[in-house]
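# Chain and residue survey
Listed here are the chains, written in short residue letters.
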Amino acid sequence: MQEGGKWMLKNPGQGWQACFFRLKQFTETYEAIKVTRQSLFVPEESKAEFYRLAEETQKALGMQVLGKYEEVGKKLVHKFRNTRQQIIAGSNLKEFRLASAVENLVEDPELAMAKPAFGIILDGLQQGLSQEDMEEQARRQVIPFCKDLLRNLYEAWLYYGIVEALRPVKFYGVYSPDTIDMQAVETEKIVAGFQAASPERRMPEAIFITEDGFIFAMKSEVAEELDSYGERPGRCRDLSAGGNTVDQIAHRVLLLYRMESVEKVPLLANREKRYILPNDMMCEFLLPEEMERPLSAAIFEKRIRTIRSRRPVQILTWDEKGTFPAGFLQDSPMAPQILTKRTIVGMDEGKLREICQTISFR
C-alpha cells in the first residue's frame, strides 16, 4: 500500500522489524532496484525514499539494542547543547566545534548512535539475515560504538562545562606560521584539539579571558598524547599526532594554564628539549576500571607525574564506583589526596561550578 509517496503496511506492527519490512517491501516493489548477495543498485529516482526507509530502520534497530544508553545519550546531548550555547552567548564565539562524529551525535542523536546498524540493515537485505542475527550483530557493534561516542560527548560536557563556569567573555585562536612563533588571533570559531602540527612542540588550541579578567590558555589533549610529552620524538617512527587531534574520537584531558598577557602565548611542551609547562588545572574523566586496573592506574599516575599540575588534578567520575589500587602515589612526598581530588559529577552542572570555586586562581 502506497500512501503520500511513502510505502506503508496496513498493520505495520511495532519495532524495527516493521521498519525493515517496509524497506524490503519498497525494494521488492520497484523492479529497477536490484538486490543481490554481491551488489545493491538503487536508481536515482528511488534513492531518497530508499535511504529514508533505511535510516528509519537503522535508528529503530539501534534504539532497540541500546536500551538505557538511548536515554542517557539524549539527556547528554541536551546538556552539552546548553553548555555550548552558554559559552557562545557569553562570548565573542559563533562556533565551538568538536570532532565530526560527536557533532553528528549532537545534531541527530538516534542516527549517530545507531551508525553501525546501517551496514547491518544492508546485509539483512542482501544476505537474507534473520531478525535474530541482525539483533545480535547490532548488540555486538552498536553498543561499543555508542559507548565510545557518548564518552567523548560526556568528556566535552564536563570539560567545557568547567570552562563555561569560569565565565569566558572573549576567545582567541592560536596562530603559528612555523610552529615556533605563536600569537593570539581574533576568532569567532574554536575547534577542539587543533594546533599547527609539530613533532616536538605543543601549543594551546585557544585562549580565553574571563569576565573577572583572568586569562587562560586551553588544551583539550588526547590522553595518550600526554604520555609522549616527556619523550623525545623518535628518530624512526613517532606515533604521536603532532599535537593536532582534530576529529579524533579518543579519551581526552583538559589542561588550563594561567597567562599574564594575551601577547605572550605559552609553549606548553617541547619534547625535543624535554620541557613541560606546569598547568594550573588538569581535569580527567576516568571509568571505574581505569582506576582499578593496576596497569591503567599506573599509566594515569605516570601521566600526572609527567604533566605536573600546580593544583590537585581533578579526577571526574560518573558515580562512586572505582578506587585506585593500594600504593597509588604512595611514594610521593605529598599524600595522594593532595595531588588529586575526585569529584562525582553524574550530570550535575553544580559539581562543575564547585570545581572552579574550590580552586583559587588569585
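Look a little higher up for the structure.
Treat the numbers as computed from the prediction; the structure is a model and nothing was measured.

## A word on the nonpolar core
Formed by 69 residues in total, the largest nonpolar core has its most connected members in Leu98, Leu153, Leu158, Tyr160 and Met218. A per-element tally of this core places helix α7 (residues 131-165) first, with 16 residues. If near-sequence neighbours (up to four positions away) are discounted, Leu98 is found in contact with Phe80, Arg84, Glu103, Leu153, Ala156, Tyr160, Ala192 and Asp247. Ile209, Val253, Met259 and Met282 belong to the second-largest nonpolar core, a separate cluster that totals 32 residues.

## As for the layout of surface pockets
Approximately 970 Å³ is the volume attributed to the largest pocket. Around the largest pocket sit 34 residues that line it, and Lys147, Arg151, Phe285, Leu287 and Glu289 are the ones nearest its centre. Looking at the lining of the largest pocket, the elements that each hand over two or more residues are α3 (68-89), α7, α8 (223-226), β15 (281-285), α9 (288-292) and α10 (294-307). Sorting elements by how many residues they give to the lining of the largest pocket places α7 first, with seven residues. In terms of residue class, the lining of the largest pocket is built from 18 nonpolar, four polar and 12 charged.

## What to know about the sheet that holds strand β16 (residues 313-317)
Strand order across the open sheet formed by eight strands is β7-β6-β10-β11-β12-β15-β16-β17, with mixed pairing between neighbours. A single partner strand is all that each edge strand has here, and the edge strands are β7 (183-186) and β17 (340-344). The sheet shows a mean angle of 30 degrees between the axes of neighbouring strands, direction not considered. Across three bridges, β15 lies against β16 in parallel orientation. Following the sheet pairing, Cys283 is matched in β16 by Gln314. With respect to the sheet, α7 is in contact with β6 (168-175), β10 (206-210), β11 (215-222), β12 (252-259), β15 and β16, its orientation differing from that of β15 by roughly 155 degrees.

## Notes on the side chain of Glu221
Structurally, Glu221 can be placed in strand β11. Among buried Asp, Glu, Lys and Arg side chains, Glu221 stands out as unpaired, with Lys219 the closest opposite charge at 4.2 Å. When sequence neighbours within four positions are dropped, the list of residues in contact with Glu221 reads Arg202, Leu226, Tyr229, Thr245, His251, Arg252 and Val253.

## Details of the packing of aromatic side chains
With the rule as written, the count across this model stands at 14 aromatic pairs. Pairing Phe300 with Phe324 gives two aromatic rings, centres 5.7 Å apart and planes at 10 degrees, and the pair type is stacked. Here Phe324 lies in the loop between β16 and α11 (336-339) and Phe300 lies in helix α10, a separation of 24 residues in the sequence. For Phe300, a relative accessible area of 1% puts it in the buried group. When the ring of Phe300 is compared with that of Phe328, the centres are 6.2 Å apart and the planes differ by 10 degrees; the resulting orientation is stacked. Remark: Phe328 occurs in the loop between β16 and α11 and Phe300 occurs in helix α10; sequence separation between them is 28 residues. Judged by relative accessible area, which is 8%, Phe328 ranks as buried. Among the aromatic residues, those joined into a cluster by ring pairs are Phe96, Tyr160, Phe171, Phe208 and Phe216.

## Looking at empty space enclosed by the protein
Taken as a whole, this structure holds one cavity of 30 Å³ or more when the rule is applied. When its volume is computed, the largest cavity comes out at roughly 130 Å³. In terms of lining residues, the largest cavity is bounded by 15 residues, among which Leu98, Ala99, Asn152, Ala156 and Arg252 are the most central. When residues of the lining of the largest cavity are assigned to their parent elements, the largest contribution, five residues, is made by α7. Residues of the lining of the largest cavity, tallied by class, amount to nine nonpolar, three polar and three charged.

## What about the state of the cysteines?
On inspection of all chains with the given rule, the structure shows zero disulfides. For the unlinked cysteine Cys19, the closest cysteine sulfur is that of Cys146, found at 18 Å. Taking relative accessible area as the criterion, Cys19 reaches 9% and is therefore assigned buried. Summary of cysteine pairing: Cys356 is not part of a disulfide, and the nearest cysteine sulfur, belonging to Cys283, is at 7.7 Å. On the accessibility criterion, Cys356 (10% relative accessible area) is buried.

Definitions and cut-offs
- Per chain, residue numbering runs from 1 following the sequence as it is written.
- Reporting in this predicted model follows two pLDDT cut-offs: at least 70 for local features of residues, and 80 or more for side-chain atom pairs to be given and counted; totals over whole chains, interfaces and linings ignore these cut-offs and use all residues.
- Computation of side-chain values: all heavy atoms of the structure, hydrogens and water removed.
- By convention a nonpolar core is built from buried Ala, Val, Leu, Ile, Met, Phe, Trp, Tyr and Cys residues, the set being connected through side-chain atoms within 4.5 Å.
- Only protein chains enter the accessibility calculation, which uses a 1.4 Å probe. A residue is then buried if its area is under 20% of the maximum for its type, exposed if over 50%, and partly exposed in between.
- In DSSP terms, a helix is any run of H or I states spanning at least four residues, a strand is any run of E spanning at least two, and both are numbered starting from the N terminus.
- Between two residues, a contact is recorded if the distance between any of their heavy atoms is within 4.5 Å.
- Using a grid of 1 Å spacing that covers the protein atoms alone, one calls a set of points a cavity when a 1.4 Å probe fits there but cannot get out, and a pocket when the set is open and has protein on both sides within 12 Å along at least five of seven lines; lining residues are those with an atom within 4 Å of a point.
- Grid points are joined across faces, edges and corners, and a volume is the space filled by probe spheres set on the points.
- Under the convention adopted here, Pro, Cys and the residues Ala, Val, Leu, Ile, Met, Phe, Trp and Tyr are nonpolar, Asp, Glu, Lys and Arg are charged, and Gly plus all remaining residues are polar.
- Pairs of strands are assigned from DSSP output, requiring at least two bridges between the strands.
- The angle between two axes is taken between their N-to-C directions and runs from 0 to 180 degrees, where each axis is a line fitted to C-alpha atoms and a helix contributes only its stretch in contact.
- Positive residues here are Lys and Arg, negative ones are Asp and Glu, while His and the chain termini are left out of the count.
- The term salt bridge refers to a pairing of a side-chain nitrogen on Lys or Arg with a carboxyl oxygen on Asp or Glu at a separation within 4 Å.
- Pairing of aromatic side chains here covers Phe, Tyr and the six-membered ring of Trp, requires ring centres within 6.5 Å, and sorts the geometry by plane angle: under 30 degrees stacked, over 60 edge-to-face, intermediate tilted.
- Note on disulfides: each one is a pair of cysteine sulfur atoms within 2.5 Å.

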